[in-house]
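Spelled out from the first residue to the last, the chains are:
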Amino acid sequence: MSQLIVYMTAGSLDEARRIAGMLVEKRLAACCNIFESMHAVFWWEGAVQSEQETAFIAKTTADRFDDLKAAVLEAHSYDVPCIVALPIVDGNPEFLDWIVEQTRTTV
């Protein structure tokens, strides 16, 4: 299967919405789901940090991932944004076909 779930985080709900909208508009993702708020604890610049973040996931295909990643890196406010692709190993065939159709470069 060529479909992927891409897990990402953003510094705010507004940033996640902006990036998600851009990904769907450019057909780099068929859909994005945004989880409004979470608390992240992480190591950064020599110390433990604690911040509110917004997690979001995109449904896309393996052949669109490099362009998706480049677009997120360009639009993101973080120096090192979380962008992690996870393969979909099984699922509703109609939904998986929809992901492929919605991320085609020619519709």
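Look a little higher up for the structure.
All values reported here derive from a predicted model rather than from experimental measurement.

1. Quick notes on the layout of surface pockets
Of the volumes computed, that of the largest pocket is approximately 280 Å³. In terms of lining, the largest pocket is formed by Thr9, Phe42, Trp43, Trp44, Glu51, Gln52, Glu53, Tyr78, Asp79, Val80, Pro81 and Cys82. Elements with a minimum of two residues in the lining of the largest pocket: strand E2 (31–44) and strand E3 (47–61). Grouping the amino acids of the lining of the largest pocket by side-chain chemistry returns seven nonpolar, two polar and three charged.

2. Remarks on unusual backbone geometry
Located in the positive-phi region is Arg27, a residue other than glycine, with phi close to 60 degrees. When you line up the elements, Arg27 lands in the loop between helix H1 (13–25) and E2. Despite not being glycine, Glu45 has its phi angle at roughly 55 degrees, a positive value. Within the secondary structure, Glu45 sits in the loop between E2 and E3.

3. Some details on the side chain of Thr9
Structurally, Thr9 is set in strand E1 (residues 3–10). Owing to a relative accessible area of 5%, Thr9 belongs among the buried residues under this scheme.

4. Considering the packing of aromatic side chains
Scanning the model with the defined rule gives one aromatic pair in all. Their ring planes at 25 degrees and their centres at 5.6 Å tell us that Phe95 and Trp98 sit as a pair that is stacked. One end of the pair is Phe95 and the other is Trp98, both in helix H3 (residues 93–102) and three residues apart, which spans about a single turn. Of the residues examined, Phe95 reaches a relative accessible area of 35% and is grouped as partly exposed.

5. Some points on the pairing of E2
Looking at chain direction, E2 and E3 are connected through twelve bridges and run antiparallel. Residue Cys32 lies in a different strand from E3, and its bridge partner there is Ala58. Between E2 and E3, which pair antiparallel in sequence order, lie two residues; one of them, Glu45, sits at a positive phi of approximately 55 degrees.

6. So, the pattern of salt bridges
Overall, the coordinates contain two salt bridges when judged by the stated rule. Its salt-bridge partner being Arg18, residue Glu15 comes within 3.6 Å of it at the nearest N-O pair. With a gap of three residues between them, Glu15 and Arg18 both fall in helix H1, about one helical turn apart. Using a relative accessible area of 45% as the deciding quantity, one classes Arg18 as partly exposed.

Reading the values: rules and limits
- Per chain, residue numbering runs from 1 following the sequence as it is written.
- Per-residue local features of the predicted model are confined to residues with pLDDT of at least 70, and side-chain atom pairs are confined, for both listing and counting, to 80 or more; whole-chain, interface and lining totals are unaffected and use all residues.
- In computing side-chain properties, one takes all heavy atoms of the structure into account and sets aside hydrogens as well as water.
- Only protein atoms enter the 1 Å grid used here. Points where a 1.4 Å probe fits but cannot escape make up a cavity, open sets with protein on both sides within 12 Å along at least five of seven lines make up a pocket, and a residue lines them when an atom lies within 4 Å of a point.
- Grid points are joined across faces, edges and corners, and a volume is the space filled by probe spheres set on the points.
- Working definition: helices are DSSP H or I runs of at least four residues, strands are E runs of at least two. Numbering for both runs from the N terminus.
- Just so you know the grouping, Ala, Val, Leu, Ile, Met, Phe, Trp, Tyr, Cys and Pro go in nonpolar, Asp, Glu, Lys and Arg go in charged, and all remaining residues, Gly too, go in polar.
- A 1.4 Å probe rolled over the protein chains alone gives each residue an accessible area, and that area as a share of the maximum for its type sets the label: buried under 20%, exposed over 50%, partly exposed in between.
- Pairing of aromatic side chains requires ring centres within 6.5 Å, counting the rings of Phe and Tyr and the six-membered ring of Trp. Pairs whose planes differ by under 30 degrees are stacked, by over 60 edge-to-face, and all others tilted.
- Whether two strands pair depends on DSSP finding at least two bridges between them.
- A pairing counts as a salt bridge when a side-chain nitrogen of Lys or Arg comes within 4 Å of a carboxyl oxygen of Asp or Glu.

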